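Next come the chains, spelled out residue by residue.
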Amino acid sequence: MNAFSLGLKSLMLAGAVSALSVTAAHAVEAADAAKRLQDLLAQQQMELSFSAANEDGNDIILRDTTVKFPESSEAVDLGDVTLSSVTEEGNGDYRVGRLFIDTILQQDDDGTVEINDITFEGLVLPRDAASDPFGGATRYDSMEVKSVEIDLDDQDFLWMENLTSKASVTADGAIESTAGVASFTLKLSAIDNDEDDDEFVDTLQEIDYDELSGRVEMAGKWSPSDGRLTVDQFDVQVDDVGTMRFTADLAGYTTEFIKSLRELMPQDGDSTDASAQGMAALGLMQQLTFHGLSFRFDDDSFTSRMLNHVADKKGVEPAKLIDETRAGIQAQLAPFAGDAFAKSTAQAVATFLSDPENIEIAARPAAPVPFFMLGAALMGAPATLVTQLGLAITANQ
């Protein structure tokens, strides 16, 4: 398992531990709570182990706790994990007042991942996934992680501070959530070596981006009854680069859909062909309905740096490069998306490059579009997707 994958797995582990904290309930035997926890983590393809589960008043302590991922041969050692102030709710769910883990440390030949000061409050472990209106999905009132550090080959690669998440259930049974990373720093030198063939990383360093720092903000809502999932905000602000803003809106992401998706995930010893699983997943996606999507970039000096760099490499003036880019986009898009869309897109890109403020790609259909119709249009008449999706690219608006 490479170090980048290791980092992702470690962050997943923090979520896994959120479920872990939910296992004990007041007046509930520790063994029963621990079993529910193991079942919940198994749905996420994580294997929880411990030497004993002990009750201590309203707390439950899992001794010598470890979590193992299917791709890893080594389990992550969590030590003794205490689930504090556990109570049982009227519907049989368990709620954990607080879970705190001092440090999670993972190491392999490629690097190290260290997560510090993890706190979950109000963690819920449903009685069972079948009766739970949220399909057994892990949920909590709040989560905080003081820091995450990833090193590659003994070099600092990624540092994040003050990761937070809050969630609440609305009167109509939906989950509203917000999340963020107060600050992050990514050092490109850690992935720039003699064996590196990533030209983009080299180019970033050539235009004085030896490290990238910034912050992240997210907000969204999920209604399990109809599967409406909205990402109202996903902003990644990078200092001296710009802010990337993403939004999305789809329906059909129900608890039944999630269950079917989990069943498609490969299990230990599963010999199912990967292509067959991919086709099954593609078929499952046809149950979703598309309501909208947008990606916007607000520039903060990146575009002019990159434009001047590429122009210098080609030995032309930036204005000449912009004209070439406009012509190339129009010529390449026209056969697939139609002349009108190709022309407006080329003009928007040229406007942005000439005066880099912002550029947005947005799909806002007049009416929701089933995913199977999108697939059919893409295969048969891709130009119709522009109208069907209400697709537009605009600049400096």
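What counts, and where the lines are drawn
- Residues numbered from 1 in each chain as written.
- Predicted model: local features only at pLDDT ≥ 70, side-chain atom pairs only at ≥ 80, totals over all residues.
- Heavy atoms only, no water.
- Helix = DSSP H or I, 4+ residues; strand = E, 2+ residues; numbered from the N terminus.
- Contact = heavy atoms within 4.5 Å.
- Salt bridge = Lys/Arg side-chain N within 4 Å of Asp/Glu carboxyl O.
- Buried < 20%, exposed > 50% of the residue type's maximum accessible area, 1.4 Å probe, protein only.
- Pairing = 2+ DSSP bridges.
- Phe/Tyr/Trp six-rings, centres within 6.5 Å; stacked < 30°, edge-to-face > 60°.
- Arc of directions from axis to C-beta.
- Expected span 1.5 Å × (residues − 1).
- Axes fitted to C-alpha atoms, helices over the stretch in contact; angles between N-to-C directions.
- Parallel < 35°, antiparallel > 145°, perpendicular 65-115°, else oblique.
- Left-handed = near helix turned anticlockwise from the far one by under 90°.
- Nonpolar A, V, L, I, M, F, W, Y, C, P; charged D, E, K, R; others polar.
- Patch = residues over 30% accessible without salt bridge, like charges linked within 9 Å, V, L, I, M, F, W, Y side chains within 5 Å.
- Areas by Shrake-Rupley, 256 points an atom, 1.4 Å probe, with all protein chains shown as cover.
- Lys, Arg positive; Asp, Glu negative; His and termini not counted.
- Charge placed at Lys NZ, Arg CZ, Asp CG, Glu CD.

Visitor: It is not clear to me how the side chain of Asp-93 should be interpreted in this structure. Could you clarify?
Guide: Tracing the sequence through the fold places Asp-93 in the loop between strand E4 (76–88) and strand E5 (94–107). Excluding residues that lie within four positions of it along the chain, Asp-93 makes contacts with Thr-87, Glu-88, Val-124, Leu-125, Pro-126, Arg-127 and Arg-139.

Visitor: Would you mind going over the pattern of salt bridges with me for this structure?
Guide: Opposite charge on two side chains permits pairing when their charged atoms draw close. On inspection of all chains with the given rule, the structure shows 14 salt bridges. Between Asp-249 and Arg-228 there is a salt bridge; the shortest N-O distance is 2.6 Å. Here the residue Asp-249 occupies a position in strand E12 (residues 242–251), and Arg-228 occupies one in strand E11 (residues 228–238), the gap between them amounting to 21 residues. A residue is classified by how much of its surface remains accessible, and Arg-228, at 30% relative accessible area, is partly exposed.

Visitor: Got a minute to help me understand the pairing of strand E2 (residues 52–56) in this structure?
Guide: For a regular strand, the rule is simple: side chains alternate between the two faces of the sheet. Direction of pairing for E2 relative to strand E3 (residues 59–68): antiparallel, over a ladder of five bridges. Its bridge partner lying in E3, Glu-55 is registered against Ile-60. Count of turn residues in the E2/E3 antiparallel hairpin: two residues, of which Gly-57 carries a positive phi of about 65°.

Visitor: Help me understand the packing of aromatic side chains in this model?
Guide: Here a ring pair, both rings aromatic, is described through the centre-centre distance and the interplanar angle of the planes. Going through the model one piece at a time under the given rule, you end up with eight aromatic pairs. Between Trp-222 and Tyr-253, the aromatic rings sit 6.3 Å apart at their centres with planes inclined by 70°, giving edge-to-face as the arrangement. In this pair, Trp-222 sits in strand E10 (residues 211–223) while Tyr-253 sits in the loop between E12 and helix H4 (255–264), placing the two residues 31 residues apart along the sequence. Trp-222 gets classed as buried once you look at its relative accessible area, which sits at 9%. Aromatic rings pair up to connect Phe-134, Trp-222, Tyr-253 and Phe-257 into one cluster.

Visitor: Looking at this model, I keep getting lost on helix H9 (residues 371–380). Mind explaining?
Guide: Turning to H9, its buried residues are Phe-371, Leu-374 and Ala-377. Angular distribution of buried residues about the axis of H9 spans 120°; they occupy a single face of the element. Facing away from the buried side of H9 by over 90 degrees, the exposed positions are Ala-376, Met-379 and Gly-380.

Visitor: Help me understand helix H8 (residues 339–354) in this model?
Guide: Two residues of an α-helix separated by three or four positions point the same way, owing to the 3.6 residues in each turn. With 16 residues, H8 ought to run about 22 Å at 1.5 Å a step, and its terminal C-alpha atoms sit 22 Å apart, in line with that. The inward-facing, buried residues of H8 contact strand E13 (289–299), helix H6 (302–314), helix H7 (318–337), strand E14 (358–363), helix H10 (384–389) and strand E16 (391–395).

Visitor: Which parts of the structure should I look at to understand the pairing of E10?
Guide: Across 11 bridges, the pairing between strand E9 (residues 175–187) and E10 is antiparallel. In the strand pairing of E10, Ala-179 is matched with Met-218. Examined bridge by bridge, E10 and E11 share 10 bridges and lie antiparallel to one another. Following the sheet pairing, Ser-223 is matched in E11 by Arg-228. Between E10 and E11, which pair antiparallel and follow one another directly, the connecting turn spans four residues, one of which, Gly-227, has a positive phi of 75°.

Visitor: I'm lost on the packing of H7 against H8 in this one. Help?
Guide: In helix packing, the relevant descriptors are the interaxial angle and the interaxial distance, both defined with respect to the helix axes. For the pair H7 and H8, the least separation of the axes is 8 Å and the interaxial angle reads 155°. For the element pair H7 / H8, the angle class is roughly antiparallel. For the crossing formed where H7 meets H8, the hand is right-handed. Mapping the contact onto sequence places Ile-322, Thr-325, Arg-326, Ile-329, Gln-330, Leu-333, Ala-334 and Ala-337 in H7 and Asp-339, Phe-341, Ala-342, Lys-343, Thr-345, Ala-346, Gln-347, Val-349, Ala-350, Leu-353 and Ser-354 in H8. Across the contact of H7 with H8, the residue classes break down as 11 nonpolar, five polar and three charged.

Visitor: Would you explain a negative patch on the surface in this entry?
Guide: On the surface, Asp-109, Asp-110, Asp-153 and Asp-154 cluster together to form a negatively charged patch. Residue placement: Asp-110 occurs in the loop between E5 and strand E6 (111–125).

Visitor: Would you take a moment to explain the environment of Asp-232 for this structure?
Guide: Turning to its location among the elements, Asp-232 is positioned in strand E11. For Asp-232, a relative accessible area of 51% corresponds to the exposed category. In this view, Asp-232 contacts Ala-219, Gly-220, Lys-221 and Thr-247; residues no more than four positions away in its chain are not counted.

Visitor: Can you help me understand unusual backbone geometry in this one?
Guide: Both trends apply: most residues other than glycine have a negative phi, and most peptide bonds are in trans. Although it is not a glycine, Asp-117 adopts a positive phi angle of roughly 55°. Relative to the helices and strands, Asp-117 resides in strand E6. Even without being glycine, Ser-301 reaches a positive phi, approximately 95°. Overall, Ser-301 belongs to the partly exposed group, its relative accessible area being 24%.

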